[in-house]
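Observations on the three-dimensional arrangement
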Amino acid sequence: MASVREPELYTVAPDEVGVTFVTEPDETVTTRVGDHEITTAGPFHVARVTGLSPATRYPLAVVGVVPTQFLPAEVTT
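Below, the structure is looked at part by part. Model, not experiment: these values are computed from the prediction.

1. What to know about the side chain of Thr 30
- One can find Thr 30 in strand β3 (residues 28-33).
- Separated by 2.8 Å, the side chains of Thr 30 and Thr 39 make a polar contact.
- Residue contacts for Thr 30: discarding those within four places in its chain leaves Glu 37, Ile 38, Thr 39, Ala 61, Val 62 and Val 63.

2. Things to note about the nonpolar core
- In terms of nonpolar packing, the biggest core is built from 14 residues, with Val 17, Val 19, Val 33, Leu 60 and Val 62 touching the most fellow members.
- Of all the elements in the fold, those that place two or more residues in this core are β2 (16-22), β3, β5 (44-50) and β6 (57-62).
- Discounting residues that sit within four places of it in the chain, Val 17 has contacts with Leu 9, Thr 11, Val 33, Ala 47, Arg 48, Val 49, Leu 52, Leu 60, Val 75 and Thr 77.

3. With respect to the sheet that holds strand β4 (residues 36-41)
- Spatial ordering of the open sheet is given by β4-β3-β6-β7, a layout of 4 strands whose pairing is antiparallel. Looking at strand neighbours, the two that pair on one side only are β4 and β7 (74-76), the edges of this open sheet. In this sheet, neighbouring strand axes are inclined to one another by 25° on average, regardless of whether the strands run parallel or antiparallel.
- Pairing between β3 and β6: 3 bridges, direction antiparallel. Note that in β6 the partner of Thr 31 across the bridge is Val 62.

4. With respect to the pairing of strand β1 (residues 5-12)
- One ladder, built from 5 bridges, connects β1 with β2; its direction is antiparallel. The residue bridging Glu 8 from the neighbouring strand is Thr 20, located in β2.

5. Examining the sheet that holds β2
- Ordered by their spatial adjacency, 3 strands build an open sheet running β1-β2-β5, and the pairing between neighbours is antiparallel. Strands with a single pairing partner mark the edges of an open sheet, and in this sheet they are β1 and β5. The sheet shows a mean angle of 15° between the axes of neighbouring strands, taken without regard to direction.

6. A short note on the pattern of salt bridges
- Counted by the stated rule, this structure contains 4 salt bridges.
- Here Arg 5 and Glu 24 are joined by a salt bridge, their closest N and O atoms 3.4 Å apart. Residue Arg 5 is found in strand β1, and its partner Glu 24 is found in the loop between β2 and β3; the two are separated by 19 residues along the sequence.
- In this structure Glu 24 comes out as partly exposed when scored by relative accessible area, which is 43%.
- Here Arg 32 ties to Glu 37 by a salt bridge, and the two come within 2.9 Å at their closest N and O atoms.

How each quantity is defined
Throughout this document, residue positions are counted from 1 along each chain, in the order its sequence is written. A pLDDT threshold of at least 70 governs which residues receive local features in this predicted model, and a stricter bar of 80 or more applies before side-chain atom pairs are shown or counted, although totals over entire chains, interfaces and linings include all residues. To obtain the side-chain values, all non-hydrogen atoms of the structure were included, while hydrogens and water were left out. Put simply, DSSP marks the helices as runs of H or I at least four residues long and the strands as runs of E at least two long, and each gets a number from the N terminus on. Pairing of N or O atoms within 3.5 Å defines a polar contact, subject to two protein rules: one partner must be a possible hydrogen donor and the other a possible acceptor, and residues neighboring in sequence count only if both atoms are side-chain atoms. Two residues form a contact once any of their heavy atoms are found within 4.5 Å. Throughout this description, the term nonpolar core refers to a set of buried Ala, Val, Leu, Ile, Met, Phe, Trp, Tyr and Cys residues connected via side-chain atoms within 4.5 Å. Three exposure classes are used, based on accessible area relative to the maximum for each residue type with a 1.4 Å probe and protein chains only: buried under 20%, partly exposed in between, and exposed over 50%. A pair of strands is treated as paired once DSSP finds two or more bridges between them. The axes used here are C-alpha line fits, helices contributing only the stretch in contact, and every angle between their N-to-C directions lies in the interval 0 to 180 degrees. The salt bridge criterion pairs a side-chain nitrogen of Lys or Arg with a carboxyl oxygen of Asp or Glu, the two atoms within 4 Å.

Here's what the structure looks like:
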């Protein structure tokens, strides 16, 4: 499993959510927002999940990461 460091929800828009974090080079990690997911490769990850509905609450997860104040378990567009 990837060793994710510094996970952070960095942007929320009406139809997208952005998350950043760091891993070892070439490690892949999946980020999920509701039923949408994107897999990125390190070391510097920018997961931009698009196609979301405005004013909607979604569960947010980076696989293998426990939610924190910087990466909440939910997000509302």
